Amino acid sequence: MTVKGIKDKVAIIGCDATKFGELWDKGREDLLFEATQGAIKDAGIKKDEIEAAWAGIYYYFTGMSGATVEDILRLDGIPITRTENYCASGMDAFRNACFGVVSGAYDVVLACGVDL
Amino acid sequence: MIGIKSYGAYLPKYLLPRELIAEAWDFPTVPGTKAIASIDEDSITMAVEAGLDCLSGIDPKSIDGLFFATTTQVYTEKDSASFVATVLDLREDIITADFTDSLKAGTTALARAVDTIKANKDINSILIIAADTREAEPATMSEFGFADGATAFLVTEGEDLPVVIDDYYSISANVTGPWKRTKEDSFIRTFEAKMDNQFYTQSITKVMSEIMKRNNLNPEDIEVAAYYYNNPRTHGRIAKIMKFNQGVAQNGLFFQIGDLGTPMPFMLLISAMKRPKEDAKVILAGFGDGADAILMHFQDRRSLRELSKNHMGLSGHQKTMKTLENYAVYIENKKLLTKDRYVRKSSAVTMWRETPTVYKMYGNKCKNCGTVQYPTTFRSCVVCRADDQMELVKLALKGTIFTYTLDHLVGGTYMATPVPRCVIDLDGGGRILVNMTEIENPEENVKIGMEVELTFRKEHEGADFKNYYWKCRPVRGRF
């Protein structure tokens with residue numbers, strides 16, 4: 001069985017990361033807001049152009065949904081998926097976001113992750 | 001002049017008839033009822049309620065200090081006064097202190113507040129809150145007496161004060177009884193009730209006599225005497241020893257409400273403030289390992305009447321109290337039964353970070369579309385999606401039910417299920433999700449559009465500390 005892969009079929013148009021450290025005064029709302037706002041700005045798009053989103057969140061507690069991201073960015077009305085896959089949770093959010101674009105379902109999607 | 005600018009009180013919703021205690025243990029009964037706190041209340045939550053009542057119409061940012069008096073501390077290491085000050089949204093640059101371990105802690109705090117205001121040019125007003133939830137050992141005489149409640153007095157420097165503080169005097173004395181050892185005792189103990197009673201009588205009559213003597217006052221000059229008591233018979237005997245005129249010694253509380261502990265003399269004073277006489281001389285006295293007496297006079301009858309109109313005080317709470325029909329509810333409320341209780345996750349860091357939302361009930365207002373929203377943690381607007389356009393706004397502590405559900409499977413310490421989980425539209429904006437407390441037959445009594453008040457309550461003990469949050473309750477009439 002040959003794995004075809006998605007090389008050259010999707011591109012990252014903007015990215016950002018928060019400062020890492022013991023950030024006692026920041027919650028996951030602040031961190032995710034900062035990182036995604038930075039990525040949106042870097043890409044030169046508007047928040048409303050995002051068609052779908054994936055979020056990798058492992059710690060905090062289980063039973064959380066994509067609504068975590070929706071609450072923070074107010075991206076209501078679009079599909080948001082939360083991935084949990086141990087320390088690969090963020091990578092899996094990114095991989096699935098790529099699949100979303102490659103499949104032709106979406107043009108612009110958001111992949112993000114937060115843990116504290 | 002230094003005196004009392006405002007006052008407030010809190011009494012929990014439920015009254016336990018003493019005959020239910022007598023029935024449970026096959027004792028001869030004592031007449032009357034006593035006020036008992038719900039399972040989600042403690043000295044801190046009741047202090048918040050009394051503080052809110054006292055500060056109705058007063059800017060919390062104008063207060064320079066908070067003294068908290070109780071014998072039922074929630075923590076032995078961790079200040080309660082600063083916690084209560086946070087929830088009441090007082091400034092950061094204030095003084096706070098806990099007065100504790102003695103039933104006279106409240107009167108001591110009041111006297112020390114006057115000292116502090118006298119000695120400091122930049123401290124003009126101190127809030128003194130007394131609250132107690134003393135637990136009586138079941139099947140003892142103290143079970144007939146011990147009751148729960150809180151009072152708050154705002155002491156300030158200024159002219160035109162409703163009540164002026166003229167003098168204060170204290171005595172210190174040591175006797176072993178009653179006591180409660182820090183580690184060994186679950187309940188208050190006493191060695192010989194008759195000796196305790198005699199000691200109490202001596203201290204309280206001595207402190208009142210001395211303060212009258214040094215102010216050249218005769219018994220007939222005193223028009224209100226509000227002194228701590230836990231036994232109506234002894235109360236009457238003290239009035240006789242003091243030669244007070246009929247009706248001077250305030251005695252209306254024990255039968256209806258019980259022995260409130262630290263707030264007791266203050267609550268007696270509040271009951272006397274309802275029908276004040278101009279220039280009446282007043283003695284307030286607290287007892288516990290000595291005694292304090294504070295001499296005051298009612299300066300302005302009109303402003304005192306105004307105060308009683310705009311604060312719930314004693315009678316505002318009494319109107320909405322409900323008599324229990326079952327002793328078991330009391331046992332459950334007081335956690336006298338050992339039960340496995342559901343514990344949630346919590347984090348001291350998160351609670352600190354979310355202080356404006358969780359404790360102070362602030363929301364966000366979107367500068368773009370004007371929508372008031374809750375909690376403050378979200379930086380994008382729930383309606384117009386604008387990013388970082390929020391300003392902090394204080395939310396009202398009352399509103400109406402937008403929608404609700406009745407949760408039969410709720411975790412946590414609830415007296416009864418189902419627990420109504422309500423979405424509240426607060427007056428002036430903001431929509432919040434909170435549980436309802438102190439509601440009978442929720443299936444029939446919770447309704448969409450129903451008016452509710454927010455009340456600060458204990459939620460759980462996740463991460464081994466006390467976690468508090470707001471709940472809603474049917475309207476009791478807070479201003």
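Residues numbered from 1 in each chain as written. Chains lettered and ligands numbered in written order. Predicted model: local features only at pLDDT ≥ 70, side-chain atom pairs only at ≥ 80, totals over all residues.

### Focus on the domain arrangement of chain B
Residue and element names in this part refer to chain B. Taken domain by domain, chain B consists of domain 1 (2-333) and domain 2 (348-474). The distance between the C-alpha centroids of domain 1 and domain 2 comes to 31 Å. Contacts between the two partners involve 16 residues from domain 1, matched on the other side by 14 residues from domain 2. (Domains from an automatic or database assignment. Contact = placed C-beta atoms within 7 Å.)

### Focus: the nonpolar core
Of all hydrophobic cores here, the largest spans 124 residues; its most connected members are Leu-66, Val-84, Ile-128, Ile-129, Ala-285 and Ala-293 of chain B. Examining the composition of this core, we find that 8 residues originate from one element, helix H8 (residues 264-273) of chain B, more than from any other. Taken domain by domain, this core gets at least three of its residues from each of domain 1 (2-333) and domain 2 (348-474) of chain B. Excluding residues within four positions of it along the chain, Val-84 of chain B makes contact with Ile-44, Ala-47, Val-48, Gly-51, Leu-66, Phe-68 and Ile-129 of chain B. In terms of nonpolar packing, the next biggest core, distinct from the first, is built from 21 residues, Leu-31, Ile-50, Trp-54 and Val-109 of chain A among them. (Core = buried A, V, L, I, M, F, W, Y, C linked by C-beta atoms within 7 Å. Buried ≥ 20, exposed ≤ 12 C-beta atoms within 10 Å, placed from the backbone. Helix = DSSP H or I, 4+ residues; strand = E, 2+ residues; numbered from the N terminus.)

### Here we look at the pairing of strand E1 (residues 2-10) of chain B
All names here are of chain B. Counting buried residues along E1, 9 of its 9 residues qualify, which places the element largely inside the surrounding structure. Pairing between E1 and strand E7 (residues 148-157): 8 bridges, direction antiparallel. Within the sheet, the bridge partner assigned to Tyr-10 lies in E7 and is Ala-150. (Pairing = 2+ DSSP bridges.)

### Let's talk about helix H2 (residues 43-54) of chain B
Since the α-helix advances by 3.6 residues per turn, residues separated by three or four positions end up pointing in the same direction. All names here are of chain B. Compared with the 16 Å implied by 1.5 Å per residue over 12 residues, the 16 Å span of H2 between its first and last C-alpha is a close match. Across the 12 residues of H2, 12 count as buried, placing the element largely inside the fold. All buried positions along H2 are accounted for by Ser-43, Ile-44, Thr-45, Met-46, Ala-47, Val-48, Glu-49, Ala-50, Gly-51, Leu-52, Asp-53 and Cys-54. (Expected span 1.5 Å × (residues − 1).)

### As for the interface of chain B and chain A
The interface is formed by 12 residues belonging to chain B together with 12 residues belonging to chain A. Each residue belonging to the side of chain B that touches chain A can be placed in one class, and the counts come to 4 nonpolar, 3 polar and 5 charged. (Nonpolar A, V, L, I, M, F, W, Y, C, P; charged D, E, K, R; others polar.)

### Overview of the environment of Thr-371 of chain B
Residue and element names in this part refer to chain B. For Thr-371, the position within the fold is in the loop between strand E13 (362-366) and strand E14 (372-373). Between the C-alpha atom of Thr-371 and that of Ile-39, which follows or precedes it by 332 residues, the distance is 36 Å. For Thr-371, the residues in contact, after removing those within four places along its chain, are Cys-366, Cys-381, Val-382 and Val-383.

### Some points on the sheet that holds strand E3 (residues 33-36) of chain B
The pairing of strands in a sheet comes from backbone hydrogen bonds and takes either a parallel or an antiparallel form. Residue and element names in this part refer to chain B. The sheet built from 3 strands is open, its strands ordered E3-E2-E12 with mixed pairing. The strands lining the two open edges of the sheet, one partner per strand, are E3 and strand E12 (322-323). Packing of helix H1 (residues 18-25) onto the sheet brings it into contact with strand E2 (14-17) and E3, and relative to E2 it is tilted by some 50°. (Axes fitted to C-alpha atoms, helices over the stretch in contact; angles between N-to-C directions.)

### Describing helix H1 (residues 28-43) of chain A
Residues and elements named next belong to chain A. Compared with an ideal rise of 1.5 Å per residue, which puts 16 residues at 22 Å, H1 spans 22 Å between its outermost C-alpha atoms and is within 8% of the ideal. All of the buried residues along H1 are Glu-29, Leu-31, Leu-32, Phe-33, Thr-36 and Ala-39. Here the buried face of H1 lies against helix H2 (67-73) and strand E3 (109-113). Positive backbone phi, at 70°, marks Gly-44, one or two positions downstream of H1.

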